[in-house]
Amino acid sequence: MSHTLPHTCIRVLDAQRSVRFYEALGFEVRGQLNFDSAYNVYLGLPGAGDQLELTVNVGRAEPYDLGDGYNHIALTVEDLDATLAALEADLGVQPEKPAFRPGGRDDLPRIAFVQDPDGYRVELIEGSDFRAPQDGPHPSQTAGSQA
């Protein structure tokens, strides 16, 4: 059996504002699906599938409560500094803090976090070939611990 992850869905208040943000990160609008009281806008990166679904509930005026469970989506970018500069110049979006290497580790790419218009965090990872780190178990995961 083969599985795929077709897209990630996030709820947004203003589709045009959100589309501008994601277009600034290289996404392209691919399609739209309309319902009676909502619609979805589908976006994808060049050469890839429809990876992001923005859901708009028509008539909603209050921002969504992201809660404390949501963290971020991640996106690789060739030139992190140029991407951050373009986001600031074009949309006024600034990173949460300057670009850094997680844990100060030289073996990991530089990253930065920005927020989309609805407050969703987007991790920008420098380079096009991100590979999951291969650290061993965290000390909290040792035998007898409750991880």
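Please read all numbers here as calculations on a predicted model, not as lab measurements.

A.B. asks: I tried to follow the pattern of salt bridges on my own but got confused; where do I start?
C.D. replies: If the charged atoms of two oppositely charged side chains come close together, the side chains can form a pair. Counting across every chain of the model gives eight salt bridges. For R30, the salt bridge identified is with E28, shortest N-O distance 3.2 Å. On the basis of relative accessible area, E28 is assigned to the partly exposed category, the value being 35%. Among the salt bridges present, the one from E96 reaches R121, with a minimum N-O distance of 2.8 Å. Highlighted residues: E96 in the loop between α2 (80-91) and β6 (111-115) and R121 in strand β7 (residues 121-126), separated in sequence by 25 residues. You can call E96 partly exposed: its relative accessible area is 41%. Each of the salt bridges in this network shares a partner with another, and the network as a whole consists of E28, R30 and D50.

A.B. asks: So what exactly am I meant to see when it comes to the layout of surface pockets here?
C.D. replies: Any empty space left between atoms is shown by rolling a water-sized probe over those atoms. If you add up the space inside the largest pocket, you get close to 300 Å³. Lining the largest pocket are L5, P6, H7, T8, F27, L45, Q51, L52, I73, A74, L75 and T76. The element contributing the most residues to the lining of the largest pocket is strand β5 (residues 73-77), with four residues. Considered class by class, the residues forming the lining of the largest pocket number eight nonpolar, four polar and no charged.

Analysis parameters
Within any chain, residue numbers begin from 1 and follow the written order of that chain's sequence. Totals for whole chains, interfaces and linings use every residue, but because this is a predicted model, local features are given only for residues with pLDDT of at least 70 and side-chain atom pairs only at 80 or more, for both listing and counting. The basis for every side-chain value is the complete set of heavy atoms in the structure, and neither hydrogens nor water enter the calculation. One side-chain nitrogen of Lys or Arg within 4 Å of one carboxyl oxygen of Asp or Glu is enough to make a salt bridge. A simple rule labels every residue: compare its accessible area, found with a 1.4 Å probe on the protein chains alone, to the largest value its type can have, and call it buried under 20%, exposed over 50%, or partly exposed in between. The helix count covers DSSP runs of H or I at least four residues long, the strand count covers runs of E at least two residues long, and both are numbered beginning at the N terminus. The way it works is a 1 Å grid over only the protein atoms, where trapped points that fit a 1.4 Å probe form a cavity and open points with protein on both sides within 12 Å along at least five of seven lines form a pocket, and then any residue with an atom within 4 Å of a point lines it. Grid points are joined across faces, edges and corners, and a volume is the space filled by probe spheres set on the points. All amino acids are sorted into three groups, where Ala, Val, Leu, Ile, Met, Phe, Trp, Tyr, Cys and Pro are nonpolar, Asp, Glu, Lys and Arg are charged, and the leftover types, Gly among them, are polar.

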